[in-house]
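Chain by chain, the residues run as shown.
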Amino acid sequence: MGQKAVSMVDQSKDMKLVAGFNPSVTDLNPQTYGLNEDVKIYNELTDINVVADIWIDFSIPSAVFENTKFAIEHDIRPIIGTSGMSEEQTDELKRLADNKNLGGIIASNFGLSAVLMMKFAQVAAKYFAESEIVEKHHEDKIDAPSGTALNTARLIYEARGHDQKQHSSKDPLDTRGGDYHGIKIHALRLPGFVADEEVIFGGVGETLTISQSTTDRESFMTGVKLAIHEVMKSNHLVIGLEQII
């Protein structure tokens, strides 16, 4: 995802890449990575000294909170696509950004199909009292369930305003999946997937399935580019791309 973001910025006429940060690299020569010689490469947060408008983060759950906090403290608008932060952490980051009137976004998914799926699921939740979520990702995805699945469950819960009814007790094999206010979430991690999700609603004599499938990470860059232009006009941090489309 980081490589896709770099490529998107390089190919955009109204953007310029000024720096890259990766604590795992030891070679700080930008040309090693096919970047222009004026791009600065850093492997320590405390060393970063650059003027920038936007911080795009597709890192890992253990690093994203400190990365985002650093960006906000240095007046760089965060575009965060890394999932795995707790609600307490996102709440703290929102307070920090809003107190500085700094635009930004933390999104569980930048794919337009996934975001629209979440919005459609929120509408359906008003008419179906019960639902479950199945999400499927590549085998290297660290967090489970995905941020998209959790955000979908949160939107469904908010639309209903109450916990979902339970039909079975927790069994020793834990086959009923995760639980968000009664909404069950099932996570698959297998080769062959990039990012898929479906929400299944059940009613008397009928079911409704809303699904989306991502076959190429390039699709996420449409949402990232949209977010970049939106946060440049904003003075607060939003949670979820669905808030701006």
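Note that the structure is predicted; figures quoted are calculated from it, not measured.

Trainee: Describe the domain arrangement of the protein chain, with residues and values.
Mentor: Domains assigned within the protein chain are domain 1 (2-106 + 218-243) and domain 2 (112-214). For domain 1 and domain 2, the distance between their C-alpha centres works out to 28 Å. It is Ser83, Phe220 and Glu242 in domain 1 that bury the most area against domain 2; as a group they hold 48% of the surface buried on that side. Our count for the domain 1 to domain 2 interface comes out at one salt bridge. Arg154 serves as the salt-bridge partner of Glu242, at 3.7 Å between the closest nitrogen and oxygen. Seen at the junction of domain 1 and domain 2, the total is four residue pairs in polar contact (both at pLDDT 80 or more). In terms of residue count, the dominant contributor to the side of domain 1 that touches domain 2 is helix 6 (residues 220-231) (three residues). For the side of domain 1 that touches domain 2, the residue count by class is five nonpolar, five polar and two charged.

Trainee: Before we move on, can you summarise the packing of helix 4 (residues 112-124) against helix 5 (residues 147-160) with the specific residues and values?
Mentor: Look at helix 4 against helix 5: their axes get within 8 Å of each other, and the N-to-C directions meet at 25°. Looking at the two axes, helix 4 sits roughly parallel to helix 5. Regarding helix 4 and helix 5, the two cross each other, and that crossing is right-handed. Within the contact between the two elements, helix 4 uses Met117, Met118, Ala121 and Gln122 and helix 5 uses Thr148, Asn151, Thr152, Leu155, Ile156, Glu158 and Ala159. Of the residues in the contact of helix 4 with helix 5, the class split is six nonpolar, four polar and one charged.

Trainee: Report on the sheet that holds strand 6 (residues 130-137), specifying residues and quantitative values.
Mentor: Backbone-to-backbone hydrogen bonds pair the strands of a sheet. The strands run either parallel or antiparallel. Strand order in this open sheet of five strands is 7-8-6-9-10, and the pairing throughout is mixed. Each end of this open sheet is capped by a strand with a single partner; those strands are strand 7 (178-180) and strand 10 (206-214). Direction aside, neighbouring strands of the sheet carry axes that sit 20° apart on average. Taken together, the eight bridges between strand 6 and strand 9 (residues 195-203) define a ladder with antiparallel strand orientation. Note on strand 9: the bridge partner recorded for Glu130 is Gly202.

The rules we used
Residues numbered from 1 in each chain as written. Predicted model: local features only at pLDDT ≥ 70, side-chain atom pairs only at ≥ 80, totals over all residues. Heavy atoms only, no water. Domains from an automatic or database assignment. Buried area = accessible area lost by both parts, 1.4 Å probe. Salt bridge = Lys/Arg side-chain N within 4 Å of Asp/Glu carboxyl O. Polar contact = N/O pair within 3.5 Å; in protein donor to acceptor, adjacent residues only side chain to side chain. Helix = DSSP H or I, 4+ residues; strand = E, 2+ residues; numbered from the N terminus. Nonpolar A, V, L, I, M, F, W, Y, C, P; charged D, E, K, R; others polar. Axes fitted to C-alpha atoms, helices over the stretch in contact; angles between N-to-C directions. Parallel < 35°, antiparallel > 145°, perpendicular 65-115°, else oblique. Left-handed = near helix turned anticlockwise from the far one by under 90°. Contact = heavy atoms within 4.5 Å. Pairing = 2+ DSSP bridges.

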